[in-house]
Amino acid sequence: MSTERADVAIIGGGPAGYVAAIRAAQLGGKVTVVEKEKVGGVCLNVGCIPTKTLVRSCEVLSLIKKAQEFGLEVDDARVNFTRLMARKIKVVNRLVAGVEYLLKKNKIRLIKGKATLTDSSTIEVRGEKEERIKAEKIIIATGSHPVSLPLQGVDNQIVLTSTEALEIKDIPESLLIVGAGAIGVEFAYIYNSLGSKVTLIEMLPHILPGEDSEISEQLKKIMIKRGIEIFTESTLESVKKQGEKHSGVLKTLQGKKEVLFDKMLVSIGRRPNSQDLGLEKVGVETDEKGWVKVNLRMQTTSPNIYAAGDITGRYLLAHVASMEGEIAAENAMGENSRINYRAVPRFICSMPELAAVGLTEEQARKKGYRIKVGKYPFMANGKSIILGERGGMVKIVCDAETEEILGLHILGPQATDLILEGTLAINQESTIKEIIDTIHPHPTLGEALREAALDAQGRAIHI
């Protein structure tokens, strides 16, 4: 087995791993990345990028169907599922190639294979060939995988993970989705748009349980209006074959409910890819579920080894993983950097989009804040009316005395882009006065944020 030397060796080439590699190389390091599949990780290959590509196709489809509202006469739009999926593959391949180019540009060595830690400075790789890497520092960025749902009577052929839901060959006539978190809600929107009869079940009282309840309830009403059947505070008790379909028995607040479906998507969480890495041999501690423990420097309990991304279990978001990768790389190269989790934006590509940063109203009250809340509906926003997307609202939560912004929640068009203003504001500990004192261009969707801030002071102009 040949031995190669590196300043930094990284296990995993996803958003945490490849970004860490580039940052370490920028700081002058000799860097090696080990990746057993494709670079880009879950996000690029089987997560946010392909999902958002399908969402965009659904948005275009929805817009064409509303063409008459804009004074346009067009033929009815029809879904060509083969071409739709081909576009998804094309987008993914282009971005994977882009990551490979960046690694090559920064003189980073990429090895395809499965990595195992043999000590705190050594990795053994088994792939097309076997080799050993001796490194001054190691970064673990192996990501996570979907949780499966053990149920009697379930034919594995009909059960999909989020990965498999992106690879199916035909649009299912009916789809049962278990779990109404971000993944469940996005796929509910996608397959509803493509013509599936979608049933969404969630065991907690609200869809998107981590989000502001008022916002999530408003999105739930919009989804129901689109024809998506939603059951909250409900569980799937059993599944059985019924003719050419399957029958699921749901336990709901209204009693037992039977749902027929062709496919079932399980989106009830993720688990870390921490098994078979040899972590226990090198002193890297994990919690009871296998998430790697790190400090704010992304350092594990083994001083030479760092971890970043999903494997840490903190925020399973690609943009957080990339930032963690940068921090890990900087510390591995001798810097003294710390991650800042003060303002972590999150979003769901539903229609309308939902995005948030900071505390929900419920969380702020639970933490003991006296709060003020400002709201502004998009139906009163000029740009929203121009776009023909009038659903949703902006909601600002702030401290009642200091007026420091504690949370921003947006349900509406382009919410995923608009959330950046709130992210910057919270990160800088801004008050609503600073948003109010900032001139917002007209006509734009961003004006809704200023109006919500004004409403928190009881002086909104346009409602």
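Up top you'll find the structure we're talking about.
Just so we're clear, the structure is a prediction, and the values are computed from it rather than from any experiment. Position labels on residues start from 1 in each chain and follow its written sequence. Totals for whole chains, interfaces and linings use all residues, but because this is a predicted model, local features are given only for residues with pLDDT of at least 70 and pairs of side-chain atoms are given and counted only at 80 or more. Excluding hydrogens and water, the side-chain values take into account all heavy atoms of the structure.

J.: Can you tell me about the packing of helix H1 (residues 15-26) against helix H4 (residues 81-105), naming the residues and giving the values?
T.: Put simply, H1 and H4 touch, their axes get as near as 10 Å, and they point 25° apart. In this view, H1 runs roughly parallel relative to H4, as classed from their interaxial angle. H1 and H4 meet at a crossing whose hand is left-handed. Residues Tyr18, Ala21 and Ile22 of H1 pack against Val99, Leu102 and Leu103 of H4. Taken together, the residues of the contact of H1 with H4 sort by class into 6 nonpolar, no polar and no charged. Orientation is described by lines fitted to C-alpha atoms, with helices fitted over the stretch in contact, and by angles between N-to-C directions that extend from 0 to 180 degrees. Think of it this way: any DSSP run of H or I at least four residues long counts as a helix, any run of E at least two long counts as a strand, and we number them from the N terminus. Under this scheme an angle from 65 to 115 degrees is roughly perpendicular, one under 35 degrees roughly parallel, and one over 145 degrees roughly antiparallel; angles in between are oblique. Left-handed describes a crossing in which the near helix is turned anticlockwise from the far one by less than a right angle; the clockwise case is right-handed. By definition in these notes, contact holds between two residues if any of their heavy atoms fall within 4.5 Å. Nonpolar residues are Ala, Val, Leu, Ile, Met, Phe, Trp, Tyr, Cys and Pro. Charged residues are Asp, Glu, Lys and Arg, and all others, Gly as well, are polar.

J.: I'd like a rundown of the sheet that holds strand E10 (residues 229-231), residues and numbers included.
T.: Between any two strands, at least two bridges found by DSSP are needed for them to pair. Overall, parallel pairing links the 5 strands, which are arranged E7-E14-E8-E9-E10 in an open sheet. Looking at which strands have only one partner, the edges of the open sheet turn out to be strand E7 (159-160) and E10. In this structure, strand E8 (residues 174-178) lies alongside strand E9 (residues 197-201), joined through 5 bridges in parallel fashion. The residue bridging leucine 176 from the neighbouring strand is threonine 199, located in E9.

J.: Tell me about the pattern of salt bridges, residues and numbers included.
T.: Only one rule defines a salt bridge in this text: a Lys or Arg side-chain nitrogen within 4 Å of an Asp or Glu carboxyl oxygen. Tallied over the entire structure, the rule returns 25 salt bridges. Notably, a salt bridge pairs glutamate 167 with lysine 88, separated by 3.6 Å at the nearest N-O pair. Here glutamate 167 is found in the loop between helix H5 (162-165) and E8, whereas its partner lysine 88 is found in helix H4, with 79 residues between them in sequence. Partly exposed residues are those whose accessible area sits between 20% and 50% of the maximum for their type, while under 20% is buried and over 50% is exposed, using a 1.4 Å probe and protein chains only. For glutamate 167, a relative accessible area of 40% translates into the label partly exposed. Taking the relative accessible area as the measure of exposure, lysine 88 reaches 4% and is therefore buried. Where glutamate 404 meets arginine 342, a salt bridge forms, and the shortest distance between an N and an O atom there is 2.6 Å. Taken together, the positions of glutamate 404 in the loop between strand E20 (393-399) and strand E21 (405-412) and arginine 342 in the loop between helix H8 (318-332) and strand E17 (346-348) put the pair 62 residues apart, joining distant regions of the chain. According to the relative accessible area criterion, arginine 342 is partly exposed, its value standing at 36%. Three or more residues are tied together by salt bridges with common partners; here these are Asp212, Glu214, Glu361, Arg365, Lys375 and Lys395.

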